[in-house]
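Summary of the model geometry
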Amino acid sequence: MTTPTIELMSQHGSVRHYKPDPVPESMIEGIVAAGQRASTSSNLQTYSVVATTDSAKKEQLMEISGGQRHIIQAPVFLLWCADFSRLKRVCLHQGYELNADYLENFLIAAVDAAIASQNAGLAAESLGLGFCYLGAIRNQPRRVISLFDLPELVFPVFGMTLGWPVKAPLIRPRLPLKAVLHWDTYQQDDLPLLEEYDQAMIETGIYRGRQVDQPDQDPAIYGWMEHSARRVSKPSRPQLREAVMEAGFSLR
Ligand SMILES: Cc1cc2nc3c(=O)[nH]c(=O)nc-3n(C[C@H](O)[C@H](O)[C@H](O)COP(=O)(O)O)c2cc1C
């Protein structure tokens, strides 16, 4: 079963090498407008996007993100933010007091931003553009907040580089469907499926020279499981909660 939309989705690969050609502003607007068509929790639309083509800003973002060069190479950078600031202004206007004190509020906003961004990304790909998400901007969220003048209750969830790909990206295999799609009850006996996936990932060669910390393993046995296990056995941005709370989300 396929459709042109599913076909487009199947061709997705993150792009980290861009041509210098600019992306017309009208195209950026069209892409974000397509993102806006995504479902959003209670139609609250609790996200905002900050677009920039500014080299000085991109330099800083590259530094924040641990030197990822596609940030300065890409003609456009989109910052996707969880945003309750707009609704704070709405409450003020309507004579209410905003109550965004709960983890639920932050989760709603982060999910809204993610869903809209993926719609936007797909729209971009339909135009022949490529993109790459950037969670690494959360390395230093306070710096990102000040770089873009984000007010209270606007938090940068992730960035996205956008531009014309130098070449078609690698299409990374995904987990076998059976490991992800459960019918009626959750199945935990997925090791054979994961081993099968490990092999598929090893065969792409993408882990060569990119093993996580620790001494390198034989590339013939370093697959998705070892790579992912190494990643998730380390703390992940432990300062993040504090920065989110500082931005005005109490996370109660
Ligand atoms: C929220 C999010 C954050 C990401 N952050 C980064 C990042 O900081 N740097 C990067 O190169 N790729 C980043 N990626 C891209 C993933 O590494 C990529 O989507 C994944 O490896 C699957 O590869 P594919 O998109 O080419 O299929 C991120 C993806 C997501 C969804």
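Below is a summary of the structure that appears in this document. All of these numbers come straight from a predicted model, not from anything done at the bench.

Listing the buried residues of helix 5 (residues 85–94) in full gives Ser85, Leu87 and Cys91. Buried residues in helix 5, looked at end-on, bunch into an arc of 160°, giving them a common side. Opposite the buried face of helix 5, at more than 90 degrees from it, the exposed residues are Leu92 and His93. Summarising the contacts, the buried residues of helix 5 are in contact with strand 2 (76–83) and strand 4 (154–163). The first or second residue beyond helix 5 is Gly95, which carries a positive phi of 85°.

For the rest of this paragraph, the subject is helix 6 (residues 103–126). Relative to the 34 Å expected for 24 residues at 1.5 Å per residue, helix 6 spans 35 Å between its end C-alpha atoms, a close match to the ideal helical length. Backbone geometry just downstream of helix 6 places Gly128 in the positive-phi region, at approximately 90°.

Let us now look at the side chain of Ser85. On the secondary structure map, Ser85 appears in helix 5. Among the polar contacts listed, one links the side chain of Ser85 to the side chain of Arg89, at a separation of 2.5 Å. Look past the residues within four positions of Ser85 in its chain and what remains in contact with it is Pro151, Glu152, Leu153 and Val154.

In this section: the side chain of Asp83. Mapped onto the elements, Asp83 comes out in strand 2. At 3.3 Å, the side chain of Asp83 forms a polar contact with the backbone nitrogen of Arg86. The residues touching Asp83, leaving out its near neighbours within four places in the chain, are Thr46, Tyr47, Ser48, Ala109, Leu153 and Val154.

Moving on, we get to the packing of aromatic side chains. As enumerated under the stated definition, the model contains eight aromatic pairs in all. Cluster of aromatic residues (ring-pair linked, three or more members): Phe84, Phe106, Phe155 and Phe249. Across from the ring centre of Phe148, 5.9 Å away, lies the NZ or CZ of Lys57, which sits over that ring.

Scoring rules and cut-offs
- Residues numbered from 1 in each chain as written.
- Predicted model: local features only at pLDDT ≥ 70, side-chain atom pairs only at ≥ 80, totals over all residues.
- Heavy atoms only, no water.
- Buried < 20%, exposed > 50% of the residue type's maximum accessible area, 1.4 Å probe, protein only.
- Helix = DSSP H or I, 4+ residues; strand = E, 2+ residues; numbered from the N terminus.
- Arc of directions from axis to C-beta.
- Contact = heavy atoms within 4.5 Å.
- Expected span 1.5 Å × (residues − 1).
- Polar contact = N/O pair within 3.5 Å; in protein donor to acceptor, adjacent residues only side chain to side chain.
- Phe/Tyr/Trp six-rings, centres within 6.5 Å; stacked < 30°, edge-to-face > 60°.
- Lys NZ or Arg CZ within 6 Å of the ring centre and 35° of its normal.

Fair warning: the whole summary comes from geometry, so function is off the table for now.
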